[in-house]
Amino acid sequence: MSSLYNFKKIEPVPTASDFIDIILSKTQRKTPTVIRKNYNIGRIRQFYMRKVKFTQDSFEEKFKNILDEFPKLDDVHPFYADLMNVLYDKDHYKLALGQINTARHLIDQVAKDYVRLLKFGDSLYRCKQLKRAALGRMATIMKRQKDSLAYLEQVRQHLSRLPSIDPNTRTLLICGYPNVGKSSFINKITRADVDVQPYAFTTKSLFVGHMDYKYMRWQVIDTPGILDHPLEERNTIEMQSITAMAHLRSCIMYFMDLSEQCGYSIEDQIKLFHNIKPLFANKPIILVINKIDQVKPEDLPAEQRAWIEEIMNQDNATVLTMSCYNEEGVMNVRNSACDKLLAARVEMKMAGNKINDVINKIHLATPTARDGIARLPNIPDGALSKTKYDPNDPNRPKLEKDLEVEAGGAGVYSVDVKKKYLLADEDWKYDTIPELWEGHNVADFIDPEIEEKLEALEREEERLEKEGFYDNNEPIMDSDEEELRSTADAIRERKKLIVQAHRLARGSKTAIVPKKVLAKNATVDEMNEHLSKMGIDADAAVERTRASAAGRKRTRQEAIPDEAVKEADAAIRDEVVTREMSNLGFRNVKQKKEADKQKKLVQVQNNKFGKRGESDRSIQTKMPKHLFSGKTSMGSRDRR
């Protein structure tokens, strides 16, 4: 957690009654409120269990925000921890937060118990009473936290008024007896506006001002005045100063009033310095003698000057003088204190362990001298003798802009980019070839025998033309290409044959006659031929067909089919049915019938709704509740 804690972000803590109203109204708004008469008991239980759980979650969320936002004394900087102990009493503060945490666990347990009971609610009335009991017990637990919530709200208001102090930044800490000029000094060097009065204990709390010195931000803290008595007898105002001096890494500026206008003698001020000196350990000390417009150190008796010199020699303190009344020496005191604190911080960092890690990463490279010759900076003579450009001088060197104006201005003048070329011969600048490419001259890479090779190639072409090499238009192919070409031709021929055979098999060139029409026009001879091809003896079937065609009634013996035909028909029929079932995804006919039955049952409700059209008048809710609910006690309303 950051040492600089932002206490102003803590949300206000409501009172116990407001807390209950906030949670219960949220439950009423965020959860369902109506139970319909067709709800079964399971749905009613879920209705009330949801209300209890939502209320418990709302309490949990509010309690968690309070516990998270208030600072924990073990996590914040020791300065803030001791300051809060001085102002609010650490034990009382922890006890209040502990009671809030206990209330959170009690409400969680109540919610769990009543949710368990609601699972066994056997009626609407019993479930409702259990819900009321659960919310009532939660409200009772909250009412018991009235004092803790009120105390935490007072702490929050006081914390939000505390100054924002960073314990780790550059700090000047002003301390001393009351009415010695501490607040006047901070008003002079910062933008703070601390009240200054001619009586003691005008400043009752810590005040912070900010200033800039050497492009750095500094904070100056004005502490309440301290009296010289034991630590146990100090009040809350003095303990704030003690806490700041004990925990803040700062430059201590102890103020003294040699004129004794503050009401305390020089001896008392020296004794106070020695009493609180243990709090100044490992910190730079500045002894500021204020109000020198009244009394200067040189005007003091020898004994009192010896006391000041003793502090300066023994405690390594710097003695500075100033007067806030006429602003004499104020800036000198401020600058000296800042410089001393910066030196102390650098010394502390150098003495720490981190400095070794930093030094190991730094390497200062120093070049070694080649010889003993001194090589001073050299400026070319041309640069020294060069005259300054003057646009009015007719002998001035012409710039590109001057050439542009002489040639007709922008749009007419074309920049000559080749005139700056550095070539072996100046005449090469405007040649088409050679050209420069990637920093190389193309002429350096031209083959000197290129013309002879070109003439030999032309002679070979003429010879090929005379021999008739280019007269044949057929493409020249090697053995691999010829093999690939022959394979492709064979594949195309095979593909054509397959397509023709398929078309003949389907009879795509003749009209497709339905099976029923073919059956009507079929003859007995065709049937006999078809069954013979299938390997079935069809003599008995042919006789029966012809007998029925002649109008003769068959006997019972003739009506019985031939066993061979019966067995063949059964085998074929089973095979066809099995194939159809497998294609549809069913294991057998029984499974398909069951699926058809379930499909019809599912479609019953859809078929009913399908009978309704867009013009049908439909009122789904006969008595809409939002049209009839209200505070009217007499009469009735029928908005339809």
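Preceding this section is the structure that the text describes.
Residues numbered from 1 in each chain as written. Predicted model: local features only at pLDDT ≥ 70, side-chain atom pairs only at ≥ 80, totals over all residues. Heavy atoms only, no water.

A. Region of interest: the pairing of strand β3 (residues 216–222). Counting buried positions along β3 yields five of seven residues, so the element is predominantly enclosed. Two strands pair when backbone bridges link them, and strand β2 (residues 207–213) and β3 are joined in this way by seven bridges, in the antiparallel orientation. Within β3, the position partnered with V208 by the bridge is I221. Between the end of β2 and the start of β3, which pair antiparallel, lie two residues, with K214 showing a positive phi angle near 55°. (Buried < 20%, exposed > 50% of the residue type's maximum accessible area, 1.4 Å probe, protein only. Helix = DSSP H or I, 4+ residues; strand = E, 2+ residues; numbered from the N terminus. Pairing = 2+ DSSP bridges.)

B. Region of interest: unusual backbone geometry. Located in the positive-phi region is Y215, a residue other than glycine, with phi close to 60°. By the secondary structure assignment, Y215 is in the loop between β2 and β3. Positive phi values are uncommon outside glycine, yet E260 reaches one of about 60°. Position of E260 among the secondary structure elements: in the loop between β4 (251–257) and α9 (266–276).

C. Representation of the packing of helix α7 (residues 182–189) against helix α11 (residues 330–351) within the structure. Contact geometry for α7 and α11: axes closest at 11 Å, N-to-C directions at 85°. Judged on the interaxial angle alone, α11 and α7 are roughly perpendicular. Of α11, the residues touching α7 (which contributes F185, K188 and I189) are V330, M331, V333 and R334. Residues that form the contact of α7 with α11 fall into these classes: five nonpolar, no polar and two charged. (Axes fitted to C-alpha atoms, helices over the stretch in contact; angles between N-to-C directions. Parallel < 35°, antiparallel > 145°, perpendicular 65-115°, else oblique. Contact = heavy atoms within 4.5 Å. Nonpolar A, V, L, I, M, F, W, Y, C, P; charged D, E, K, R; others polar.)

D. Local environment of the layout of surface pockets. Counted as a void, the largest pocket has a volume near 470 Å³. If you trace the largest pocket, you find 26 residues lining it, with N179, G181, S184, V196 and K291 closest to the centre. Broken down by element, the residue count for the lining of the largest pocket peaks at three residues, all from α7. (1 Å grid on protein atoms, 1.4 Å probe; cavity = no way out; pocket = protein on both sides within 12 Å on 5 of 7 lines; lining within 4 Å. Points joined across faces, edges and corners; volume = space filled by probe spheres on them.)

E. Region of interest: empty space enclosed by the protein. Tallied over the full model, the rule gives one cavity of 30 Å³ or more. Approximately 80 Å³ is the volume attributed to the largest cavity. The wall of the largest cavity is formed by I10, E11, P12, V13, P14, K62, N65, I66, E69 and F70. Within the lining of the largest cavity, the residues separate by chemical class into six nonpolar, one polar and three charged.

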